Amino acid sequence: MREVMNHFNASTLFAPTLSHTSAQRAENDRIPARRKRNNKRIEVKMGHGGTLDPMASGVLVLGIMNGTKQLQEYLTGTKTYEAVALFGCATDTYDALGKVIKTAPWEQVTRERVERELEGFRGEVMQKPPLYSALHHEGKRYYEYAREGKPLPVEIQARPVTAVEMELVGYTDAHEYKFPREEVSEEVKMEAEALGMEMEMKAKGENKQQPAKPEEASAETVGTVETAQTGAKRPPPSLSSPSNQHPKKQKFAANPIIADTLFTPSLSTSSPPTSPPQNPPIAALRMSVSKGFYVRSLVYDLGDAMGSAAHMVKLVRTQQGQWVLGRNVFEWEDIVGQPEEKWGGRIERALRVWERERRA
């Protein structure tokens, strides 16, 4: 977002807006009480429509100027994700960038059982966000506490989320994904095991997935009008799979579908073999979910429901609001590193369309 902002700051497209902002600030500086608040650099104001995980790629909606205030209402629909879960191992971050907290048998994991267990994650459910997340308490992000090795001042509470659609679109044990090599300390493992036992005791006599309470879900950070495929400045996960190339180097189909271009190697749609899998299996999932939904938490909970463990090894946001990957978004390479003549006209047209729709 900051790289795109720097491009817009130097553009002729937003020069009139910045000039108007400068004139307003000069007028306000006549009032002594406001002078100290106006010492920031004048630049294109931007926000974004929902944090992407560090290893994720896909659609990121960016808010421009006053558009940042409109996106809370603008992005009221669902988001669509495509993810790959690797069974047999759980990590502290719930994804491939974390440290191993436990390994578990996977022989009982089958395609049919995954499809059966997914039924419990459809609709309105209560979900507990991961510790490594962009949620915050008193202005400090959860992941900042985790990285500093400090306990959270409050317990992470489960919250209502909705999975409008949830389907298994691929399953195989023929892949090259590997478990992370680094493990958490024995102390952390013991704490995780104790917490797991405590949660299991609390869950006795209760349904595994309870209907969500009719309370408002926590809001996300929101942003605005244009989209760009993300991936720049984000290190790829340290996995051996050839699918772990830098996200912005990937090409996607116009209508995102699980295929070799998205999940390499291709995932079998045939019946699973009768003998136990030699490699821990992977499952490709496609879902349309409400804001506040954590795909990593889903994968972690799915592994637990299977009597095994799981972590996320791939995640792509294929749709957010009206913006669909491969259909109408701006590719990262179309803006960053390109002269304004390449993208200025498209940005302006998109903003004018949004303005007309907003007024209507």
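About the thresholds
Residues numbered from 1 in each chain as written. Predicted model: local features only at pLDDT ≥ 70, side-chain atom pairs only at ≥ 80, totals over all residues. Heavy atoms only, no water. UniProt positions renumbered as here; feature names shortened; annotations may be inferred. Helix = DSSP H or I, 4+ residues; strand = E, 2+ residues; numbered from the N terminus. Buried < 20%, exposed > 50% of the residue type's maximum accessible area, 1.4 Å probe, protein only. Contact = heavy atoms within 4.5 Å. Areas by Shrake-Rupley, 256 points an atom, 1.4 Å probe, with all protein chains shown as cover. Arc of directions from axis to C-beta. Core = buried A, V, L, I, M, F, W, Y, C linked by side-chain atoms within 4.5 Å. Polar contact = N/O pair within 3.5 Å; in protein donor to acceptor, adjacent residues only side chain to side chain. Phe/Tyr/Trp six-rings, centres within 6.5 Å; stacked < 30°, edge-to-face > 60°. pLDDT = per-residue confidence, 0-100. Salt bridge = Lys/Arg side-chain N within 4 Å of Asp/Glu carboxyl O.

- In the nomenclature of an unreviewed UniProt entry, the protein corresponds to tRNA pseudouridine(55) synthase from the organism Ascodesmis nigricans.
- UniProt, in the comment section headed Catalytic activity (unreviewed entry), describes the protein in these words: "a uridine in mRNA = a pseudouridine in mRNA".

Quick word on the overall build of the protein
Next up, step 1: Along the backbone of the protein there are ten helices and 13 strands.
Next up, step 2: Buried residues in the protein amount to 45% of all 360 residues.
Next up, step 3: Contacts spanning at least 24 positions in sequence make up 79% of the contacts within the protein whose residues lie at least 6 apart.
Next up, step 4: Of the roughly 19300 Å² of accessible surface on the protein, a fraction of 49% belongs to carbon and sulfur atoms.

Description of helix 1 (residues 2-9)
Next up, step 1: Turning to helix 1, its buried residues number three or more, namely Val 4, Met 5, Phe 8 and Asn 9. Seen from one end, helix 1 has its buried residues packed into an arc of 140°, which puts them on one side.
Next up, step 2: Buried residues in helix 1 make contact with helix 2 (15-28), strand 1 (46-48), strand 2 (57-64), helix 9 (332-335) and helix 10 (340-359).

Topic: unusual backbone geometry
Next up, step 1: Phi at Met 65 takes a positive value of approximately 50°, unusual for a residue other than glycine.
Next up, step 2: Located in the positive-phi region is Tyr 94, a residue other than glycine, with phi close to 70°.

Re the nonpolar core
Within soluble globular proteins, side chains that are nonpolar tend to cluster in buried spots.
Next up, step 1: Judged by nonpolar contacts, the single largest core of 57 residues is most densely connected at Phe 8, Val 114, Met 287, Phe 293 and Val 295.
Next up, step 2: Setting aside chain neighbours within four positions, we find Met 287 in contact with Lys 79, Thr 80, Tyr 81, Glu 165, Met 166, Phe 293, Val 295 and Leu 298.
Next up, step 3: One finds Leu 71, Leu 75, Leu 325 and Val 329 within the second-largest nonpolar core, a separate group that totals eight residues.

As for the side chain of Glu 82
Next up, step 1: Here Glu 82 lies in strand 3 (residues 79-87).
Next up, step 2: For Glu 82, a relative accessible area of 1% corresponds to the buried category.
Next up, step 3: At a separation of 3.0 Å, a polar atom in the side chain of Glu 82 contacts the side chain of Arg 286.

What about the packing of aromatic side chains?
Next up, step 1: As enumerated under the stated definition, the model contains four aromatic pairs in all.
Next up, step 2: Summarising the aromatic geometry, the rings of Phe 8 and Trp 343 are spaced 5.2 Å apart at their centres and angled 45° between planes, so their arrangement reads as tilted. Placement of Phe 8 in helix 1 and of Trp 343 in helix 10 is noted, with a sequence separation of 335 residues between them. Assigned by exposure class, Phe 8 and Trp 343 land together as buried.
Next up, step 3: The interplanar angle of 80° and the centroid separation of 6.3 Å between the aromatic rings of Trp 106 and Phe 179 together place this pair among those described as edge-to-face. Residue Trp 106 is found in the loop between strand 5 (100-103) and helix 5 (111-118), and its partner Phe 179 is found in the loop between strand 9 (159-172) and helix 7 (186-203); the two are separated by 73 residues along the sequence.
Next up, step 4: For Trp 106, a relative accessible area of 19% corresponds to the buried category.

Some words on helix 5
Next up, step 1: Of all the residues in helix 5, the buried ones are Arg 111, Val 114, Glu 117 and Leu 118. Along helix 5, the residues classed as buried sweep out an arc of 130° about the axis, all on the same side.

A closer look at the confidence of the model for the protein
Next up, step 1: Per-residue pLDDT for the protein averages 75, and the proportion of residues at 70 or more is 64%.
Next up, step 2: Mean pLDDT in the protein bottoms out at strand 10 (residues 226-229), which sits at 34, and peaks at strand 11 (residues 282-289), which reaches 97.
Next up, step 3: Low confidence marks residues 197-274, where pLDDT is under 50. Its contacts with residues over four positions away, or in another chain, come to 192 contacts.

Side note on the side chain of Ser 308
Next up, step 1: Mapped onto the elements, Ser 308 comes out in the loop between helix 8 (295-305) and strand 12 (310-320).
Next up, step 2: Separated by 2.7 Å, the side chain of Ser 308 and the backbone oxygen of Pro 105 make a polar contact.
Next up, step 3: For Ser 308, the contacting residues outside a window of four places in its chain are Gly 88, Lys 102, Ala 104, Pro 105, Trp 106, Gln 108, Val 109 and Gly 303.

A short note on the pattern of salt bridges
Next up, step 1: By the definition in use, this model includes eleven salt bridges.
Next up, step 2: With its nearest N and O atoms 2.9 Å apart, the salt bridge here joins Glu 167 to Arg 286. In this pair, Glu 167 is assigned in strand 9 and Arg 286 in strand 11, connecting sequence segments 119 residues apart.
Next up, step 3: The partly exposed category is assigned to Glu 167, whose relative accessible area is 34%.
Next up, step 4: Close ionic contact of Arg 359 with Glu 355 constitutes a salt bridge, the shortest N to O distance being 2.9 Å. On the criterion of helical spacing, the pair formed by Arg 359 and Glu 355 is a turn pair, its members being four residues apart in helix 10.
Next up, step 5: What makes Arg 359 exposed here is its relative accessible area of 69%.

What about the environment of Tyr 294?
Next up, step 1: Tracing the chain through its elements places Tyr 294 in the loop between strand 11 and helix 8.
Next up, step 2: A relative accessible area of 13% means that Tyr 294 is categorised as buried.
Next up, step 3: Measuring from C-alpha to C-alpha, the distance between Tyr 294 and Val 161 comes to 9.0 Å, with 133 residues separating the pair along the chain.

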